[in-house]
Amino acid sequence: MPWKKTRTWVSAVTAAAAVAAVAVAAATTIPSMAEPRPSATSPSGQPSSAVIDFVDLPTSPLPTDEKQHEFTVEYRNDSAADQTAAPQLLIVSPDAGPFLTPSDVTLERLSADGHWGAVKLGSQTGSLYTDLSLAKVRLPSGRSLTERYRLSVVTPGAEGTVHPRVALFD
């Protein structure tokens, strides 16, 4: 399967896994370690729930040292309408493995008040991901979204790719 189709398939599977993880978390009331945000609504005033597109940002290799590395997810709403968007950080394992687990890395997000807070990662078939439902924001036309993450690899020899992206909702 060509790489682009594989990546699209992996993105679709990861998005489906993220939705399933959110449903399981909601059903079992597992508290999240990420800082909650106000819920976003669609232009009709109803909660935005369906991802309609992903804006993929440049990827980079997973750092192989145990130092903290910062990643920034930036997106500008250049449309004429307000959008509901959510930054997401994927950490994708090599196709042939070994597959990453959440315990292989630590991830933090910089809050609006300037403090770093732990972010819980979901996992599906070797891909780690941040929860879209906790990251949704209403983004007015012409405004930008900037989210900063700090990532550390704690398992020696862990390999993968850091794939920042932004989910757009209906």
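Fair warning: this is a prediction, and the values are worked out from it, not measured in the lab. (Residues numbered from 1 in each chain as written. Predicted model: local features only at pLDDT ≥ 70, side-chain atom pairs only at ≥ 80, totals over all residues. Heavy atoms only, no water.)

Things to note about the overall build of the protein
Of regular secondary structure, the protein possesses two helices and eleven strands. Secondary structure of the protein in N-to-C order comes out as α-β-β-β-β-β-β-β-β-α-β-β-β. With 170 residues in all, the protein has 39% of them scored as buried. Considering only contacts in the protein between residues 6 or more positions apart, those separated by 24 or more positions represent 83%. Carbon and sulfur atoms form 58% of the exposed surface of the protein, whose accessible area is close to 9,200 Å². (Helix = DSSP H or I, 4+ residues; strand = E, 2+ residues; numbered from the N terminus. Buried < 20%, exposed > 50% of the residue type's maximum accessible area, 1.4 Å probe, protein only. Contact = heavy atoms within 4.5 Å. Areas by Shrake-Rupley, 256 points an atom, 1.4 Å probe, with all protein chains shown as cover.)

Some remarks on the sheet that holds strand S5 (residues 105-110)
If you walk across this open sheet you meet the four strands as S3-S10-S5-S6, and the pairing is antiparallel. In the strand order of this sheet, the two ends are held by strand S3 (68-76) and strand S6 (116-118), each with one partner. Adjacent strand axes in the sheet meet at a mean angle of 30 degrees when their direction is disregarded. The sheet contact formed by S5 and S6 spans three bridges and is antiparallel. Considered in S6, the bridge of arginine 109 is made with glycine 117. (Pairing = 2+ DSSP bridges. Axes fitted to C-alpha atoms, helices over the stretch in contact; angles between N-to-C directions.)

Quick word on the environment of phenylalanine 169
Looking at the element boundaries, phenylalanine 169 is found in strand S11 (residues 161-169). Among the residues examined, phenylalanine 169 registers a relative accessible area of 7% and is labelled buried. Separated by 119 residues in the primary sequence, phenylalanine 169 and alanine 50 have C-alpha atoms spaced 5.4 Å apart.

Notes on unusual backbone geometry
Residue proline 98 is bonded to the preceding glycine 97 through a cis peptide linkage, with omega at 0 degrees. Mapped onto the elements, proline 98 comes out in the loop between strand S4 (83-92) and S5. Positive phi, normally seen in glycine, also occurs at threonine 125, with a value near 45 degrees. Summarising the element assignment, threonine 125 is placed in the loop between strand S7 (122-124) and strand S8 (127-129).

As for the confidence of the model for the protein
Mean pLDDT for the protein: 79, with 72% of residues reaching 70 or above. Across the protein, S11 holds the top mean pLDDT of 97, while helix H1 (residues 3-28) sits lowest at 38. Scored below 50 in pLDDT, residues 1-44 shows 55 contacts in the model against residues more than four places distant or in partner chains. (pLDDT = per-residue confidence, 0-100.)

Concerning the nonpolar core
Counting 24 residues, the largest nonpolar core has Leu62, Leu89, Ile91, Val105, Leu107, Leu151 and Val166 as the members making the most contacts within it. Residue assignment for this core shows that the elements contributing at least two residues are S3, S4, S5, strand S9 (137-139), strand S10 (144-153) and S11. Examining the composition of this core, we find that four residues originate from one element, S10, more than from any other. With residues near it in sequence (within four places) discarded, valine 166 still touches Asp53, Phe54, Val55, Leu57, Val73, Tyr75, Ala85, Ala86, Pro87 and Leu145. (Core = buried A, V, L, I, M, F, W, Y, C linked by side-chain atoms within 4.5 Å.)

Considering the pattern of salt bridges
With the rule as written, the count across this model stands at four salt bridges. Residue glutamate 70 is joined to arginine 148 by a salt bridge in which the shortest nitrogen-to-oxygen separation is 2.6 Å. Placement of glutamate 70 in strand S3 and of arginine 148 in strand S10 is noted, with a sequence separation of 78 residues between them. Residue classification places glutamate 70 among the partly exposed positions, given a relative accessible area of 46%. Here arginine 76 ties to aspartate 78 by a salt bridge, and the two come within 3.0 Å at their closest N and O atoms. Given the relative accessible area of 63%, aspartate 78 is considered exposed. (Salt bridge = Lys/Arg side-chain N within 4 Å of Asp/Glu carboxyl O.)

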